[in-house]
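What follows is each chain in one-letter form.
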Amino acid sequence: MLSRSLPMSAPAGACGSCVYRDPCGGLEDESSLFGCFVDCGVLCKRDTGGRCDYTCPAKPREFARRLREVGGLEGRPREAFRSPTSDFPTYVPFIRHGYRRDLTLADEHIAVPTFELVGGAGANYGPRSRTAHDLRDRLALRRDAQVLFVSVAPDAELERYWACANELSIPAKLARLALWGVTAPNYSFFDQVPRTQLLYNRARIIRALEALTVAGVPAIPHLNARTRMDWRFWADVLRAQPQVRYVAKEFQTGGRDPEQAQEMLTGLRYVQDRIQQDLRPIIVGGTQYATMIARHFPLATFVDSRPFMAAVHRQRFVLDCRGAQWEPSPTAPQEPIDDLLADNIRNYRRYVERLVREGRAQCMMPPPAVAVEDASELLVEEHMT
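Residues numbered from 1 in each chain as written. Predicted model: local features only at pLDDT ≥ 70, side-chain atom pairs only at ≥ 80, totals over all residues. Heavy atoms only, no water.

1. Comments concerning the overall build of the chain
Thinking step 1. From N to C terminus, the chain includes 15 helices and 12 strands.
Thinking step 2. For the chain, buried positions account for 50% of its 385 residues.
Thinking step 3. In the chain, the proportion of contacts linking residues at least 24 apart, taken out of those at least 6 apart, comes to 72%.
Thinking step 4. Working note: accessible area of the chain is about 18,400 Å², and carbon and sulfur atoms make up 53% of it. (Helix = DSSP H or I, 4+ residues; strand = E, 2+ residues; numbered from the N terminus. Buried < 20%, exposed > 50% of the residue type's maximum accessible area, 1.4 Å probe, protein only. Contact = heavy atoms within 4.5 Å. Areas by Shrake-Rupley, 256 points an atom, 1.4 Å probe, with all protein chains shown as cover.)

Put into C-alpha cells, the structure is as follows:
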C-alpha cells in the first residue's frame, strides 16, 4: 500500500540553526540533530585528502562561484518551461544505436539515451547528428518518429554537459533535431553529503530546463528528491507552471530496491496531490513497478531498454500461457536483428500494457475504509503541511 504521507522535517538540532535552512528545509528524523556536515571533517580528509568536489561553504571561493553559476541555492525557475504538447504512449522503447539493423523501425515513439547521441571532445562536443533527418537515419527510425532524449547518465557525462552546454550552445543544437522532448539531466542526490551539494544540483536541473526552453526544446523536469522539502519544492514549481504535465523519474538504480521505489512513488503522489494538472510521469527503468505506478498515475509512460539490449544479445521475449520470459534466439553471423528487435518491442509492449491495465483497474476500485487511527494521522499531516 502506498504511504499517505512523507516523514516530517525535524526543526531541532543542527538543522534548526543552519543558515541554509530556508532553501534546504532540513534533514528528517534524528539526522537533523547533527546536520548534513557532520561527516565532512572525517570523510573529506580521509577519502579525498581535503579535495572533495562537493558544493560546500568550507571552500568559500568555489562555493561562491557555484552559487553565482545557478543564481543561488533556492533555484526557483525564472521563466515558464516549454513542455511537450502531444501525448506519449504507455510504453516507449529505448533505441541506443542502428548497428546490425537494415530496416527502418516501424514504431512512431522512441526514447534515446541523450549521452549516446551527445558527446565528443573539446570544442567538438555536441549532438552527433546535425539535423532531424540525420538523427533518425542514424538510428534507423522513420522520418516522422517522435523522439525523446532521456538524460539519465553517470555523473561524468552530466558534468561534461553542464560544463559545455552554454559555451557550445548545446540546447540550440538539440533544437535542430525536432525532438518530442528532452528530460533534464538527473544531477545526483546522494546520501551523506552536504545538502548544499544537493541544492546546487537541484538548481542545475532548473537551469538546464530553462536553457532548453529558451532554445525552443520541450523540456521535462527530472524530479530528484531526498526529503519532504525537496518534494514540496517540486510541488511549488509545478503548481506555478500548470502547462507542465510530463515529469521524469528514474527507477533503474535506487529504484531497484522496492522500498526505495515505494518512497519515490510516495513523493510523486505527494506532488500530484498539491498541484492542479494531472501528471504523466515518464518512468525510466521501472516497468517491474508498472502495476503499482499505474494505480496512482494511469497515464504514466514507461521507458525501458530491455527489448533492445536483449535483441543485441540475441534473446527473444516470449509472452504466452507460461508467462513472460526471455529465451535464447541465435542468429547467423552478420544477420541483422531487425525482426528480433521488432518482435521484442511488440511483445514487451503488450506485457507492459497488461500490467498497466491491471493497475488502472485497481485505480477504479472503491478505496478501502480508513481506520480511525489512520484518519487522525492524516489530520495531523495536513495540519503541519
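So much for the structure itself; the text now carries on.
2. Points about the packing of helix 7 (residues 155-164) against helix 9 (residues 195-215)
Thinking step 1. The geometry of helix 7 relative to helix 9 is characterised by a closest axis approach of 12 Å and an angle of 55° between their N-to-C directions. Classified by the angle between their axes, helix 7 and helix 9 sit oblique to one another. Seen from above, helix 7 lies across helix 9 with left-handed handedness. Contact residues: Glu-159, Tyr-161 and Trp-162 in helix 7; Tyr-200, Arg-204, Arg-207 and Leu-212 in helix 9. (Axes fitted to C-alpha atoms, helices over the stretch in contact; angles between N-to-C directions. Parallel < 35°, antiparallel > 145°, perpendicular 65-115°, else oblique. Left-handed = near helix turned anticlockwise from the far one by under 90°.)

3. A short note on unusual backbone geometry
Thinking step 1. One non-glycine residue, Arg-100, lies in positive phi territory at about 60°.
Thinking step 2. Looking at where Arg-100 falls in the secondary structure, it is placed in the loop between strand 1 (91-93) and strand 2 (109-113).
Thinking step 3. Phi is positive for Arg-314, which is not a glycine, with a value near 60°.
Thinking step 4. Considering the arrangement of structural elements, one finds Arg-314 in the loop between helix 13 (306-312) and strand 11 (315-320).

4. Considering the sheet that holds strand 7 (residues 219-220)
Thinking step 1. Read from one edge of the open sheet, four strands run 2-5-6-7, paired in parallel fashion. With partners counted over all chains shown, the strands left at the sheet margins are strand 2 and strand 7, one partner each.
Thinking step 2. Of the pairings in the sheet, the one linking strand 5 (residues 146-150) to strand 6 (residues 181-183) comprises two bridges and is parallel in character. Paired with Phe-149 across the two strands is Val-182, which belongs to strand 6. (Pairing = 2+ DSSP bridges.)

5. A short note on the side chain of Ser-151
Thinking step 1. Residue position: Ser-151 is located in the loop between strand 5 and helix 7.
Thinking step 2. Only 2.9 Å separates the side chain of Ser-151 from the side chain of Thr-114, close enough to count as a polar contact.
Thinking step 3. The contact partners of Ser-151, leaving out residues within four places of it in the chain, are Thr-114, Phe-115, Leu-158, Val-182, Thr-183, Ala-184, Pro-185 and Asn-186. (Polar contact = N/O pair within 3.5 Å; in protein donor to acceptor, adjacent residues only side chain to side chain.)

6. Some points on the packing of aromatic side chains
Thinking step 1. Overall, the coordinates contain 13 aromatic pairs when judged by the stated rule.
Thinking step 2. With centroids separated by 5.0 Å and ring planes inclined at 85°, the aromatic side chains of Trp-180 and Tyr-246 adopt a geometry described as edge-to-face. In this pair, Trp-180 sits in the loop between helix 8 (170-175) and strand 6 while Tyr-246 sits in strand 8 (residues 246-250), placing the two residues 66 residues apart along the sequence.
Thinking step 3. Considering the side-chain rings of Tyr-348 and Tyr-351, the 5.9 Å spacing of their centres and the 50° angle between planes classify their relative orientation as tilted. Pair noted here: Tyr-348 and Tyr-351 are both in helix 14 (residues 338-364), with a separation of three residues, about one helical turn.
Thinking step 4. With a relative accessible area of 6%, Tyr-348 lands in the buried category.
Thinking step 5. For Tyr-351, a relative accessible area of 22% gives the class partly exposed.
Thinking step 6. Aromatic rings pair up to connect Tyr-91, Phe-317, Trp-326, Tyr-348 and Tyr-351 into one cluster.
Thinking step 7. Over the face of the ring belonging to Phe-297 we find Arg-269, whose NZ or CZ atom lies 5.5 Å from the ring centre.
Thinking step 8. For Arg-274, the ring lying beneath its charged end belongs to Tyr-270, and the centroid distance is 3.8 Å. (Phe/Tyr/Trp six-rings, centres within 6.5 Å; stacked < 30°, edge-to-face > 60°. Lys NZ or Arg CZ within 6 Å of the ring centre and 35° of its normal.)

7. Description of the nonpolar core
If you look at soluble globular proteins, the nonpolar side chains tend to sit buried side by side.
Thinking step 1. Core analysis: the biggest nonpolar cluster contains 84 residues, and Phe-149, Tyr-161, Leu-174 and Ile-293 have the highest contact counts within it.
Thinking step 2. Core analysis: the second largest hydrophobic core is formed by 14 residues, Val-150, Trp-180, Ala-248 and Val-303 among them. (Core = buried A, V, L, I, M, F, W, Y, C linked by side-chain atoms within 4.5 Å.)

8. Points about helix 11 (residues 258-272)
Thinking step 1. The first and last C-alpha atoms of helix 11 sit 21 Å apart over 15 residues, in line with the 21 Å expected at 1.5 Å per residue.
Thinking step 2. All buried positions along helix 11 are accounted for by Ala-261, Gln-262, Met-264, Leu-265, Thr-266, Gly-267, Leu-268, Tyr-270, Val-271 and Gln-272.
Thinking step 3. Where helix 11 begins, the side chain of Asp-257 points an oxygen toward the backbone nitrogen of Glu-259, at a separation of 3.0 Å. (Expected span 1.5 Å × (residues − 1).)

9. Observations regarding the sheet that holds strand 1
Thinking step 1. Spatial ordering of the open sheet is given by 1-10-9-8, a layout of four strands whose pairing is parallel. Looking at strand neighbours, the two that pair on one side only are strand 1 and strand 8, the edges of this open sheet. Between one strand axis and the next, the sheet turns by 20° as a mean value, whatever way the strands run.
Thinking step 2. Bridge count between strand 1 and strand 10 (residues 301-304): three bridges; the pairing is parallel. When the sheet's bridge partners are listed, Tyr-91 is paired in strand 10 with Phe-302.

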